[in-house]
Amino acid sequence: MEAVIATHGDGVWEDWLLVIGEEVSTKNKAFVLWLTGLSGSGKSTIADKVYDHIAVNGQKVEKLDGDVMRGFFPSTGFTKQARDEHIKRVGFMASRLEKHGVIVIASFISPYKEARQFVRDMCGNFIEVHISASLLECERRDVKGLYKRARAGEIKNFTGIDDPYEAPDNPDIFVDTEKETVDESVSKILNHIRQYI
Ligand code: ADP
């Protein structure tokens, strides 16, 4: 017998089906894929590619990107309080989209563990991906020229330079963009989310 479950249930159906021994299908279940890492670690590059793989299946998917979001709301600051508010706002938006069946790919430095946990708690299915590259490598890449400006003192509160980055202790997915090619990192993520898409 095929199990019938709500597409985005509150857990009740799933619990009941588990009790009667049905395997719960997770296919077509929305989720929030949350990419965290230093500037230049590879979040946007990976988010774009993962997005393309999901969108090609015709599934509803939305990308939320830190640079784009700050572009729309340029007064968003970089103090701990401003960063936390920004992440909580974006996280709330992600959770609403997820609730309505939209897969969300969010790429934000999101340097503070507590704010990421806040978002995890709001979402139904939150998948934290640590996009890891050393500060040295991110500075070498300096994709947007921001590290140079931060070192010159032109930008204050720059993550990794004069602002902290709290790496996840136990991310759902860990990718090392110094050791892996872009395609390897993307494959690792796709393998993990294949159960949902
Ligand atoms: P972020 O969004 O984290 O600020 P970007 O995606 O804008 O970072 O830039 C990351 C840079 O690192 C790109 O130039 C990309 O080509 C390069 N890069 C090298 N290896 C990888 C990898 N495995 N995954 C992602 N990006 C990589």
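In the block above lies the structure referred to throughout.
1. As for the overall build of the protein
Working step 1: When its secondary structure is counted, the protein shows eight helices and five strands.
Working step 2: When the helices and strands of the protein are read in sequence order from the N terminus, they spell out α-β-α-β-α-α-β-α-β-α-α-β-α.
Working step 3: Looking at the protein residue by residue over its 197 residues, the buried ones come to 44%.
Working step 4: In the protein, the share of contacts with a sequence separation of at least 24, taken over all contacts with a separation of at least 6, comes to 73%.
Working step 5: Total accessible area on the protein stands at roughly 10900 Å², and carbon and sulfur atoms take up 53% of it.

2. Remarks on the nonpolar core
Working step 1: Counting residues in each nonpolar core, the largest one holds 21 residues, and the members touching the most others are Phe31, Leu33, Ile46, Val50, Ile54, Ile189 and Ile193.
Working step 2: Ranked by size, the runner-up nonpolar core spans 15 residues in total, among them Ile87, Val90, Val119 and Cys123.

3. Some words on the environment of lysine 27
Working step 1: Topologically, lysine 27 is positioned in the loop between helix 1 (12-19) and strand 1 (32-36).
Working step 2: On the basis of relative accessible area, lysine 27 is assigned to the partly exposed category, the value being 46%.
Working step 3: On a C-alpha basis, the gap between lysine 27 and tyrosine 196 in space is 4.4 Å, while along the polypeptide they are 169 residues apart.
Working step 4: Ignoring sequence-local partners within four residues, the contact set of lysine 27 consists of Arg194, Gln195, Tyr196 and Ile197.

4. Examining the pattern of salt bridges
Working step 1: Summed over the entire model, instances satisfying the criterion amount to 16 salt bridges.
Working step 2: The partner of glutamate 137 in a salt bridge is arginine 141, and the shortest N-O contact between them spans 3.0 Å. Of this pair, glutamate 137 and arginine 141 both sit in helix 6 (residues 135-141), four residues apart, which is roughly one turn of the helix.
Working step 3: Judged by relative accessible area, glutamate 137 falls into the buried class, the value being 13%.
Working step 4: You can call arginine 141 partly exposed: its relative accessible area is 27%.
Working step 5: Linking arginine 149 and glutamate 154 is a salt bridge whose minimum nitrogen-to-oxygen distance equals 3.3 Å.
Working step 6: Here the salt bridges share partners, and the residues they tie into one network are Arg116, Arg120, Glu128 and Asp172.

Conventions adopted
- Residues numbered from 1 in each chain as written.
- Predicted model: local features only at pLDDT ≥ 70, side-chain atom pairs only at ≥ 80, totals over all residues.
- Heavy atoms only, no water.
- Helix = DSSP H or I, 4+ residues; strand = E, 2+ residues; numbered from the N terminus.
- Buried < 20%, exposed > 50% of the residue type's maximum accessible area, 1.4 Å probe, protein only.
- Contact = heavy atoms within 4.5 Å.
- Areas by Shrake-Rupley, 256 points an atom, 1.4 Å probe, with all protein chains shown as cover.
- Core = buried A, V, L, I, M, F, W, Y, C linked by side-chain atoms within 4.5 Å.
- Salt bridge = Lys/Arg side-chain N within 4 Å of Asp/Glu carboxyl O.

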